[in-house]
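Residues per chain are reported as follows:
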Amino acid sequence: MTANTNATLQNPILFDHTKEILARRKALVADGVGVFCPTAAVSANGAIINDADGNTFIDFGGGIGVLNAGHCPPEVVQAIAKQAEQLIHTCFHVSTTSVYLDVCQKLIDLFPHGEATKVMLTNTGAESVENAIKIARQATKRSAVLCFSEAFHGRSMMAMSLTSKINYKINCGPFAPEIYRLPFPDYYHYSDGLTYEAFIDRELERLEHATHAMVDPNNIAAVIIELVQGEGGFNVAPREYITGLRRFCDKYGIVLIFDEVQSGFCRTGKWAAYQHYDVVPDISTWAKSMASGMPLGAVMGKQHIMDAALPGTIGGTYLGNPVCCAAALATIEVMTKQNLNERAISISLIVQERFERMRKNHTCIGDIRGLGAMQAVEFVKNSDPNQPDTELTQKLIAACLQRGLIILSAGANKNIIRILSPLVITDQQLGRGLDIIEEELNKIYTAINI
Ligand SMILES: Cc1ncc(COP(=O)(O)O)c(C=O)c1O
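Since the structure is predicted, the reported quantities are computational estimates derived from the model, not experimental observations.

Novice: I tried to follow the sheet that holds strand β14 (residues 408–410) on my own but got confused; where do I start?
Specialist: Hydrogen bonds along the backbone pair up the strands of a sheet, which may run parallel or antiparallel. Within the open sheet, the four strands sit side by side as β11-β12-β15-β14. Their pairing is antiparallel. Of all the strands in the sheet, the pair left with one neighbour each is β11 (365–371) and β14. Put simply, the sheet's adjacent strands are angled 30° from each other on average, direction ignored. Taken together, the six bridges between β11 and strand β12 (residues 374–379) define a ladder with antiparallel strand orientation.

Below you can see the structure in the form of structure tokens.
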């Protein structure tokens, strides 16, 4: 299964076809479309990717959190083919399709937002975020939006404005106005020596203080937050903070938006991360794993909020394409039948146990965190959360790739590795992937400490 055993960490060996394809990419595709992992896939199944040179890789990246139900689940492939034979496109504004409505009904059954819930479908996560903000603004007739440090909400203009990481935004401004950012309630990085309880109190006070110091609360349309930050490095929002945030939004009539684009659809061991919190949002945003890689997203929300958007202000040519909708229905069925929520919990236990074992031998592991099968390890120097070890992390990722494991980094400093493997991964594949990480970390750590 291994790609190559003789590669060095600094000089990843690329095979001929992969090299050729990456060279073509370099010649044809704008450089700004970044390469996160120098592979060239030709097919995939379950948790395994096959490349252009006949190598196989265990996939811990899952197409960046898109493949919770696995690569090419047969039921989804069949549903796509069947729908494509029947109807590919009319545009939902032009002709209503039942398959779109079936997806909406399914989502409402899974994620009721209070007594009456409504849905609009989108193509991507960023588009879900864009529309969520437009809807919240129309519903409140206010303009300001509160968001958080380390947030990632996408690359379209509003979504990028809400995104925190500078590298995603260089020279792309001016950004959307009326955006105010608070530190994400991240105890590991920002505790400042406080107890957990005192930290939560301080962060909630900071939120309240923002209404005097930063922005008039009567002009805040929405607060948008990822309960588990994806690109930010799997920082998990404390339960007490989210309860306080809900109270804050209710007090000032602010729309609370949970961005579930990366955390949704069984990833955390529940259909939604918010179901761990006993807090219901006013609006939620979805995409990624809901259609196994077909471009589909959703905005859902309380009916009176969703219906505040005037006809014509939200929508688009491809939104809720019938083939993508058929893929979503089949994906949700696979997730239900295979009980992927339960599987996410068993994956989380296996991963956490292994990471804890690694931590015993490696002081470079500063933190292990996550929710369900959204687990991450942060590498730091001198056990200091403020000294990211980016070099070690990048070496580890490159070394894992040479051993046939695809794994992604996260965080502003790219010093975090995150597990986003398909949830259909077998115990054997998961164990093998974790073996590779552990073995390569041992080698790097030994080399550094000689
Ligand atoms: C939480 C979150 N929101 C929004 C997005 C943007 O989604 P897309 O890339 O589909 O536009 C992402 C993508 O990683 C995400 O993780």
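Still more ground to cover, so stick around.
Novice: Can you walk me through the environment of A27 in this structure?
Specialist: Within the secondary structure, A27 is located in helix α1 (residues 16–28). The exposure class assigned to A27 is exposed, which follows from the 7 C-beta atoms found within 10 Å. Remark: the alpha-carbon pair of A27 and I416, spanning 389 residues in sequence, is separated by 31 Å.

Novice: Explanation requested: the packing of helix α13 (residues 390–402) against helix α14 (residues 427–449) in the structure shown.
Specialist: For any two helices packed against each other, the geometry is given by the interaxial angle and the distance between the axes. Contact geometry for α13 and α14: axes closest at 9 Å, N-to-C directions at 130°. Considering their axes alone, α13 and α14 lie oblique with respect to each other. The crossing of α13 and α14 is right-handed. Contacts between α13 and α14 pair L392, K395, L396, A399 and C400 from the former with I436, I437, E440, L441 and I444 from the latter. Here the residues of the contact of α13 with α14 sort into eight nonpolar, no polar and two charged.

Cut-offs and rules
- Throughout this description, residue numbers start from 1 for each chain and increase along the sequence as written.
- Reporting in this predicted model follows two pLDDT cut-offs: at least 70 for local features of residues, and 80 or more for side-chain atom pairs to be given and counted; totals over whole chains, interfaces and linings ignore these cut-offs and use all residues.
- Any two strands with at least two DSSP bridges between them are considered paired.
- Counting from the N terminus, the helices are DSSP H or I runs at least four residues long and the strands are E runs at least two residues long.
- Here an axis means a line fitted to C-alpha atoms, over the contact stretch when the element is a helix, while the angle between two N-to-C directions is reported on a 0 to 180 degree scale.
- Exposure classes come from backbone-placed C-beta atoms, where a residue is buried if 20 or more other C-beta atoms lie within 10 Å of its own, exposed if 12 or fewer do, and partly exposed in between.
- If an angle is under 35 degrees, it is roughly parallel; if it is over 145, roughly antiparallel; if it lies from 65 to 115, roughly perpendicular; otherwise it is oblique.
- In this scheme the crossing of two helices becomes right-handed for a clockwise turn of the near helix relative to the far one and left-handed for an anticlockwise turn of less than a right angle.
- Whether two residues are in contact is decided by their C-beta atoms, placed from the backbone, lying within 7 Å.
- Put simply, Ala, Val, Leu, Ile, Met, Phe, Trp, Tyr, Cys and Pro go in the nonpolar bin, Asp, Glu, Lys and Arg in the charged bin, and everything else, Gly too, in the polar bin.

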